[in-house]
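Now for the letters of each chain:
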2 protein chains.
Amino acid sequence: MTPAERSSDAAQDARVSRTRADVSRVALKVLTDEGSDALTHGHVAELAGYSKTTLYTHWPSRVDLILLALDAIGDMPHQEPTGDLRADLIGELKFFRKAVLDYRLDQILAVMAQWASVDEMARVRDQINTDAQKPIRGMLSEVFAGTELEAAISMLAGVVACPTMMFGAVPEDDVIETAVDLMLRSVKGKRSR
Amino acid sequence: MTPAERSSDAAQDARVSRTRADVSRVALKVLTDEGSDALTHGHVAELAGYSKTTLYTHWPSRVDLILLALDAIGDMPHQEPTGDLRADLIGELKFFRKAVLDYRLDQILAVMAQWASVDEMARVRDQINTDAQKPIRGMLSEVFAGTELEAAISMLAGVVACPTMMFGAVPEDDVIETAVDLMLRSVKGKRSR
């Protein structure tokens, strides 16, 4: 390979990677602003300024487009631990609530559930939700273990997730704080507050 | 109106009502078996044995079809209260888990979230979820009130809803039982078990 060929390859790689980043960002915006039904090759191509053929070449199916959109989510912000368990749990649930609003997590959870029979989607969903739960799992593992830990994670996540998925509404501060107090009150022995 | 005309009107009403029941049942089956993307006028018409024109006449939009499918859900089974709060809460959460599996509530919650910007869908979603939560609200109101009651409902519903919506998995019996024990342990004063 001549230096000129190598440089042309590098240029092509950069182009593909820029296209992917552009389309991924636009696809996520369509998903969260307009819903998964609007996430079509034609619509995303138009908004991103690429040809439909380009999109079909790189991401042939609707599921490919949805997976590409999920790629753009990136790392969600989490509570910086302070060492005060009550404050940290409340802070983390407020970050979760903010992520629901900023990233339209209701739409994202919905579309991932809708396509979960596709193996790759199930894998990506597990990954996204496992990452999302990691901080709260870490905090709760200070006071719970085993089955109690699994139950407690779902219970606290449910304070934000249930009203979101069932009623399209996020909880007020006082509901989040009360849930954390109920949870900590149920800790056996010395830790109960 | 002659008696013959009246009888023909009655026959027509019966036909419309039978068509609605047929199409509603088939639409729900498509939604839960194949997902909301498969819920199209053409596909439902074919499976239900009606013409596409008939479907478009009665239910012009995709949202109309989805609302029609939700119509067929009917009353979900609930725990018959025994008076033992712990047993009743565990029983009710197990009914909720069974409904997730039998009715594919993950798909139903997902499609309702996806179309919730349509007013009628938001209304139907509120109705379905308010009805679904009624028994557990009644049970928990024996020991909680106000903000604690709201938090506790989301926390216990979350034990089934969170793993369902996040990982496509329902909780084992021991997680359900442990969640109820954690919840009841957090009840202030005499009721803590």
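Residues numbered from 1 in each chain as written. Chains lettered and ligands numbered in written order. Predicted model: local features only at pLDDT ≥ 70, side-chain atom pairs only at ≥ 80, totals over all residues. Heavy atoms only, no water.

Where do I start with the overall build of chain A in this structure?
Summing up its helical and strand segments, chain A has 9 helices and 0 strands in all. Written out in order from the N terminus, the α and β elements of chain A read α-α-α-α-α-α-α-α-α. Compactness check: chain A gives a C-alpha radius of gyration of 21 Å against a globular reference of 16 Å for 193 residues, more than 25% above the reference. Projected onto its principal axes, the C-alpha coordinates of chain A cover approximately 70 × 40 × 30 Å. Within chain A, the fraction of its 193 residues that count as buried is 48%. Sequence-distant contacts in chain A: of pairs separated by 6 or more residues, those separated by 24 or more amount to 62%. Surface summary for chain A: the accessible area is close to 9200 Å², and the carbon and sulfur share equals 52%. Of the charged side chains in chain A, 22 are positive and 29 negative, and the gap between their average positions amounts to 2 Å. (Helix = DSSP H or I, 4+ residues; strand = E, 2+ residues; numbered from the N terminus. Rg over C-alpha atoms; globule rule 2.2 N^0.38 Å. Buried < 20%, exposed > 50% of the residue type's maximum accessible area, 1.4 Å probe, protein only. Contact = heavy atoms within 4.5 Å. Areas by Shrake-Rupley, 256 points an atom, 1.4 Å probe, with all protein chains shown as cover. Lys, Arg positive; Asp, Glu negative; His and termini not counted. Charge placed at Lys NZ, Arg CZ, Asp CG, Glu CD.)

Where do I start with the interface of chain A and chain B in this structure?
Interfaces are frequently sized by the accessible area removed from exposure as the parts join. With 45 residues of chain A at the contact, the number on the chain B side is 45 residues. Note on chain A versus chain B: buried area summed over both sides is about 3800 Å², and carbon and sulfur give 62% of it. Where chain A touches chain B, the interface holds 4 salt bridges. A salt bridge links Arg62(B) to Asp37(A); the shortest N-O distance between them is 2.6 Å. Joining chain A to chain B, the criterion identifies 16 residue pairs in polar contact (both at pLDDT 80 or more). Residue assignment for the side of chain A that touches chain B shows that the elements contributing at least two residues are α6 (105-114), α7 (119-140), α8 (146-167) and α9 (173-185) of chain A. Broken down by element, the residue count for the side of chain A that touches chain B peaks at 17 residues, all from α8(A). Looking at the side of chain A that touches chain B residue by residue, the class counts come to 23 nonpolar, 13 polar and 9 charged. (Buried area = accessible area lost by both parts, 1.4 Å probe. Salt bridge = Lys/Arg side-chain N within 4 Å of Asp/Glu carboxyl O. Polar contact = N/O pair within 3.5 Å; in protein donor to acceptor, adjacent residues only side chain to side chain. Nonpolar A, V, L, I, M, F, W, Y, C, P; charged D, E, K, R; others polar.)

Please explain helix α5 (residues 85-102) of chain B as it appears in this structure.
Each full turn of the α-helix corresponds to 3.6 residues, which orients residues three or four apart in the same direction. For α5(B), with 18 residues, the first-to-last C-alpha span of 25 Å sits near the 26 Å given by 1.5 Å per residue. Taken as a whole, α5(B) has its buried residues at Leu85(B), Asp88(B), Leu89(B), Ile90(B), Gly91(B), Glu92(B), Leu93(B), Phe96(B), Arg97(B), Ala99(B) and Val100(B). Taken together, the buried residues of α5(B) touch α8 of chain A together with α6 (105-114), α7 (119-140), α8 (146-167) and α9 (173-185) of chain B. The N-terminus of α5(B) is capped by Asp84(B), whose side-chain oxygen sits 3.1 Å from the backbone nitrogen of Arg86(B). At the exit of α5(B) stands Arg104(B), carrying a positive phi of roughly 45°. (Expected span 1.5 Å × (residues − 1).)

Looking at this structure, I do not really get the layout of surface pockets. What am I missing?
To find leftover empty space, a probe the size of one water molecule is rolled over the atoms. Residue and element names in this part refer to chain A. Taken as a whole, the largest pocket encloses approximately 450 Å³ of empty space. Lining the largest pocket are 20 residues, with Leu70, Gly74, Gln127, Ile128 and Asp131 sitting closest to its centre. Counting only elements with at least two residues in the lining of the largest pocket, the list comes to α4 (62-71) and α7. Ranked by residue count, the leading element in the lining of the largest pocket is α7, at 8 residues. When grouped by side-chain class, the residues that make up the lining of the largest pocket number 10 nonpolar, 3 polar and 7 charged. (1 Å grid on protein atoms, 1.4 Å probe; cavity = no way out; pocket = protein on both sides within 12 Å on 5 of 7 lines; lining within 4 Å. Points joined across faces, edges and corners; volume = space filled by probe spheres on them.)

Could you clarify how one ought to interpret the environment of Thr19(A) in this entry?
Residues and elements named next belong to chain A. Looking at where Thr19 falls in the secondary structure, it is placed in helix α1 (residues 3-34). Sequence-wise, Thr19 and His58 are 39 residues apart; in three dimensions their C-alpha atoms are separated by 9.8 Å. Those residues in contact with Thr19 that sit more than four places away from it in its chain are Tyr50, Thr54 and Trp59.

Can you walk me through the nonpolar core in this structure?
Nonpolar side chains tend to gather and get buried jointly when the protein is soluble and globular. With 132 residues, the main nonpolar core has Leu70(A), Met155(A), Leu156(A), Leu70(B), Met155(B) and Leu156(B) as its most contacted residues. In contact with Leu70(B), other than residues within four places in its own chain, are Leu31(B), Ile108(B), Met112(B), Met121(B), Val124(B) and Ile128(B). (Core = buried A, V, L, I, M, F, W, Y, C linked by side-chain atoms within 4.5 Å.)

Would you take a moment to explain the side chain of Ser154(A) for this structure?
Mapping Ser154(A) onto the fold places it in helix α8. What makes Ser154(A) buried here is its relative accessible area of 10%. If we skip the residues at most four places from it in the chain, Ser154(A) touches Gly158(B), Val159(B), Cys162(B) and Pro163(B).

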